[in-house]
Amino acid sequence: MLAARTFLVWKDGDQWDDCQDSIYPMPDDLSGETYAYAVADGVSTSFFSRRWARILTRKFGENPERVFEDWQVWLEEAQAEWQLQIEKIAHSGKANFIVANGFRAKKPAAATFIGLTLTDHNEDGWTWRAALVGDSCLFKLGKDGDVSSWNIKSSTEFCNVVPSVESWPRLNPYAPTQVGSAPFGSESPIRESDSVILATDALAKWLLKRHELGQPVWGTILKLERSEDFEDLVRRARSEEDNSLQNDDVALATLSFGAIHPVFAEQTFTPRPRSTEPKSEAADPVILRNLWEQPDAKAGLLSSSLERTDRIKELFSRTGSKFVLQFTGILLVLLGLMLLQLMKRSAELKHLTRENQILRDQATARTLASKDRAIDSLSISALEKESDAFHQAVQAVSVFEYKSSDSEQIPPDQLQRRSTSKPRR
Amino acid sequence: MYSKQISSTSPGLFVILVDQSDSMGDPYEARDKESTYKDEFAALAVNRTISEILESCQDGDKMKDRCHIAVIGYGKTTQLLIEGLPTEIEDPTYGTRTVKGKQPDGAGGFSEVEEEIGIWVKPVHNNGTPMATAFGAAADLIEAWTAENPANFPPIVFNITDGEPDDINQGASATRSAAQRVADCHTTDGKVLIYNCHIGIGTPEVILPSSEQSLATPSAKLLFQMSSVIPQELFRLAENAGLAPQTGSRGFCMNATPETLTKLLDFGSAKAR
């Protein structure tokens, strides 16, 4: 049973429409009935290479057999399609002089290419054939644990000058290398538990290097299911301490025929990330421009403006700290004053309670004495006078009690809560 | 060192200083007869170099900001003639001009084709040679740029001149000091690269010397001292441009012909391509 996945990740810092790699089928278009797979890596310094890479992979997928029947005719059709697209752009009126120059000078787009097709399935396995130009790699992982690769055999073979397919006819163009199983070639057919991988140069180099170092990661690659998993793998591989994956566009197709062989399944990736480097950020063109708006005042302006920015940041930082400290200090002082006031009120309460008790005792004693005297002398006026004193004493206690309840408008438990709450920053 | 790729995520900086002093109005034999005076050929070479850098930043129908470009002219005044990212300067200040160029013919040779180049710099010649001011202005720019791009490929500075700095008779201390400020700038990928090209009639022409022995005049020795030793890492680029660097070779040409000036500019800007 064939299980195929395709993945495409672009260079870190770029966007989707900057990606120079192309793949067929696109990850979202993959179905179980696909028997043609292709990757192409547009040479970034060539002219409209992204369009060229996409034309190559799409045209292969539409009719893979034509590539093998007559490469030259197939290539001329692809070239005609690319030239028509670029002519429209160059004559659109929106193109700059560089595009017009490029088209007039017949500047070519260039791309590496692999097209693989599965042609038949019988008791020996799958018959297959592939056409390859350049340093994108085809790997075949056999069930005996062997790894075969085309056209690159070693990670040291990758270099900056690579054969490529060009979008204008040229003298002595590179012809594709063709490999396959009988009757197309001498390789063995794809059997149960075999796996096939197509990868553009950066990933192919990384896979080969890991394999050469005895740290293969074939299992991780073959078990990839979702695009998110592949993006995560690429991100981690780019962050490796040693032999990291180069920051380049990456196209990958994996084809597993039955269960992954246990030898490869166990070969998984253990990240060993490097320590963080200082981030390089692009200079702000506006800042650079401002320096030169007044030619006479150019010298030193930018550096001093940067210094000013730093000083402002530093001052802001210091001012912020000062503000927090001052706010906390004021809060503590207020809390202290409130506690002192509470203690003072508490002492007054105790003192007045004592006085109250004395007054109560005295009033009681006087009342009793007055009653005794009234009984004794039947002097009504004297009794009324003493009775007034009692009322005054009681009134004094009532007044104190009122004051005491007034002092507890901020209850002690509430004061406690306030004193323990954290100051805002 | 000198291994960082110039890209939109890690842009480079190219600064071109152009002598616009009076003597730049002298005749200069050009191979294609498109210009016959030094200032005209210098302007053409600078415009062609900017066009080629922009071409390398063109990605399909999209211009990518892979580098900053600045051109400082020095003569009667020292001024910034152009500065910006490719997307900001892709429309040439003075339009385009059709020139003859050479294109690989696919059979190992070259065929002559007409091509357009942008015009940002016009030929000017007037007054003295305030090279110290020009290097000082470049130092301001580069110091700021390296502070903001500490891990990128280091800036590349070209100085195209035909004569002596104004302070040559005073020991050129101001020029030397300003150039030293530029040379002291660096990123984690290397020090700033300064390439000086003295244009002349080619007799005797000295290309990428590794010592002062063959240099006769104080101004030639000064320019030699102000030039960077070409790093081994960049030898291949120099060779691709048709130059032959040796160990210790400096990025300096004396009495350079138009062909040599073109080669030096090709080599220096090759990192962008």
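Residues numbered from 1 in each chain as written. Chains lettered and ligands numbered in written order. Predicted model: local features only at pLDDT ≥ 70, side-chain atom pairs only at ≥ 80, totals over all residues. Heavy atoms only, no water.

1. Comments concerning the side chain of H198(B)
Residue and element names in this part refer to chain B. For H198, the position within the fold is in strand β11 (residues 193-199). Looking at H198, the relative accessible area reads 8%, which means it is buried. Engagement of the side chain of H198 in a polar contact is seen with the backbone oxygen of D162, the distance being 3.1 Å. Excluding anything up to four places from it in sequence, H198 contacts T161, D162, G163, L223, F252, C253, M254, N255 and A256. (Helix = DSSP H or I, 4+ residues; strand = E, 2+ residues; numbered from the N terminus. Buried < 20%, exposed > 50% of the residue type's maximum accessible area, 1.4 Å probe, protein only. Polar contact = N/O pair within 3.5 Å; in protein donor to acceptor, adjacent residues only side chain to side chain. Contact = heavy atoms within 4.5 Å.)

2. Topic: the sheet that holds strand β10 (residues 195-199) of chain A
Residues and elements named next belong to chain A. Pairing in this open sheet of five strands is antiparallel, and the strands run β1-β11-β10-β6-β7 from one edge to the other. Each end of this open sheet is capped by a strand with a single partner; those strands are β1 (2-9) and β7 (147-150). Looking at each pair of strands side by side, their axes are set apart by 15° on average, direction ignored. Summarising the sheet, strand β6 (residues 137-141) and β10 pair through five bridges and their orientation is antiparallel. The residue of β10 that forms the bridge with F139 is I197. Running at roughly 40° to β6, helix α5 (residues 201-212) makes contact with β6, β7, β10 and β11 (250-257) of the sheet. The sheet contacts of helix α7 (residues 227-238) involve β1 and β11, and relative to β1 the element is tilted by about 55°. (Pairing = 2+ DSSP bridges. Axes fitted to C-alpha atoms, helices over the stretch in contact; angles between N-to-C directions.)

3. Here's the deal with the pairing of strand β3 (residues 36-42) of chain A
All names here are of chain A. In terms of burial, β3 is largely enclosed, as seven of its seven residues are buried. Taken together, the four bridges between strand β2 (residues 21-24) and β3 define a ladder with antiparallel strand orientation. Pairing of I23 across the sheet is with V39, part of β3. The pairing of β3 with strand β4 (residues 110-122) spans seven bridges and is antiparallel. Bridge assignment links V39 to a residue of β4, and that residue is I114.

4. Regarding the sheet that holds β11(B)
Residue and element names in this part refer to chain B. With mixed pairing, seven strands are arranged side by side in an open sheet as β5-β4-β1-β8-β11-β13-β12. If you trace the sheet from one side to the other, it starts and ends with β5 (78-84) and β12 (206-207), each paired once. Taken strand by strand, helix α1 (residues 38-57) contacts β1 (12-19), β4 (67-74), β5, β8 (156-161) and β11, and its axis lies near 170° from that of β4.

5. Observations concerning the side chain of R66(B)
Residue and element names in this part refer to chain B. Residue position: R66 is located in the loop between β3 (62-63) and β4. Buried charged residue R66 carries no salt bridge. Nearest counter-charge: D59, at 4.6 Å. Within the structure, R66 has its side chain in polar contact with the backbone oxygen of S56 (distance 2.4 Å). Filtering out sequence-adjacent residues up to four positions away, R66 remains in contact with I6, S7, S8, P11, G12, S56, C57, D59 and P86. (Lys, Arg positive; Asp, Glu negative; His and termini not counted. Salt bridge = Lys/Arg side-chain N within 4 Å of Asp/Glu carboxyl O.)

6. Some thoughts on the packing of α1(B) against helix α7 (residues 258-269) of chain B
All names here are of chain B. Running from N to C, α1 and α7 cross one another at 25°; their axes reach a closest spacing of 10 Å. One finds that α1 runs roughly parallel with respect to α7. At the point where α1 passes α7, the crossing takes the right-handed sense. Mapping the contact onto sequence places F41, A45, T49, E52 and I53 in α1 and P258, L261, T262, L265, D266 and S269 in α7. Residue composition of the contact of α1 with α7, grouped by class: six nonpolar, three polar and two charged. (Parallel < 35°, antiparallel > 145°, perpendicular 65-115°, else oblique. Left-handed = near helix turned anticlockwise from the far one by under 90°. Nonpolar A, V, L, I, M, F, W, Y, C, P; charged D, E, K, R; others polar.)

7. Structural notes on the nonpolar core
Residue and element names in this part refer to chain B. In this structure, I50, Y195, L234 and F267 are the most contacted members of the largest nonpolar core, which totals 54 residues. The residues contacting L234, other than those within four sequence positions of it, are Y2, F153, L193, Y195 and F267. Counting 34 residues, the second largest nonpolar core, distinct from the first, contains L13, I72, Y74 and A172. (Core = buried A, V, L, I, M, F, W, Y, C linked by side-chain atoms within 4.5 Å.)

8. Structural notes on the confidence of the model for chain B
Looking at chain B as a whole, its pLDDT mean stands at 88, while 93% of the residues score no less than 70. The ipTM value of the predicted complex is 0.74, and its pTM value is 0.64. (pLDDT = per-residue confidence, 0-100.)

9. Some remarks on the environment of G84(B)
All names here are of chain B. Mapped onto the fold, G84 is located in strand β5. Accessibility expressed as a relative area gives 0% for G84, which makes it buried. Once the C-alpha coordinates of G84 and L13 are considered, the two residues, 71 residues apart in sequence, prove to be 9.8 Å apart.

10. A short note on the state of the cysteines
Residue and element names in this part refer to chain B. Enumeration according to the criterion identifies zero disulfides over all chains in this entry. Just so you know, C57 is unpaired, no disulfide at all, and the nearest cysteine sulfur is the one on C67, 4.0 Å from it. Residue classification places C57 among the buried positions, given a relative accessible area of 0%. Just so you know, C253 is unpaired, no disulfide at all, and the nearest cysteine sulfur is the one on C197, 4.9 Å from it. (Disulfide = S-S within 2.5 Å.)

11. A few points about the packing of aromatic side chains
Considering all chains together, one arrives at 20 aromatic pairs over all chains under this definition. On the basis of an interplanar angle of 75° and a centroid distance of 6.4 Å, the ring pair of F60(A) and F68(A) is categorised as edge-to-face. Exposure remark for F68(A): the relative accessible area of 10% places this residue in the buried category. Taking the centre distance of 5.8 Å and the plane angle of 40° together, the rings of W74(A) and F113(A) count as tilted. Of this pair, W74(A) sits in helix α3 (residues 71-90) while F113(A) sits in strand β4; the two residues are 39 residues apart in sequence, bridging distant segments of the chain. Residue F113(A) is classed as buried on the basis of its relative accessible area of 0%. By the ring-pair criterion, three or more aromatic residues cluster together here, those being F47(A), F48(A), W82(A), F103(A) and W168(A). Its end group placed over the ring of F224(B), R250(B) keeps NZ or CZ at 4.5 Å from the ring centre. (Phe/Tyr/Trp six-rings, centres within 6.5 Å; stacked < 30°, edge-to-face > 60°. Lys NZ or Arg CZ within 6 Å of the ring centre and 35° of its normal.)

12. Looking at the pattern of salt bridges
All names here are of chain A. One pass over the structure, following the stated rule, counts 22 salt bridges over all chains. Among the ionic pairs, R5 bridges to E225, the shortest N-O distance being 2.6 Å. With a gap of 220 residues between them, R5 in strand β1 and E225 in the loop between α6 (218-222) and α7 connect regions that are remote in the sequence. By relative accessible area, which is 26% here, R5 ends up partly exposed.

13. Some remarks on the pairing of β11(A)
Residues and elements named next belong to chain A. In terms of burial, β11 is largely enclosed, as eight of its eight residues are buried. Neither face of β11 is exposed, since V250, L252, T254 and S256 on one face and A251, A253, L255 and F257 on the opposite face are all buried. Pairing between β1 and β11: eight bridges, direction antiparallel. Residue pairing for β11: R5 is matched across the bridge by T254. Across five bridges, the pairing between β10 and β11 is antiparallel. Directly across from I197, in β11, lies its bridge partner T254.

14. Description of a nonpolar patch on the surface
Residue and element names in this part refer to chain A. Together, I330, V333, L334, L337, L340 and M343 make up a nonpolar patch on the protein surface, roughly 640 Å² of accessible area in all. Along the chain, I330 falls in helix α10 (residues 301-377). The class for I330 is exposed, based on a relative accessible area of 55%. (Patch = residues over 30% accessible without salt bridge, like charges linked within 9 Å, V, L, I, M, F, W, Y side chains within 5 Å. Areas by Shrake-Rupley, 256 points an atom, 1.4 Å probe, with all protein chains shown as cover.)

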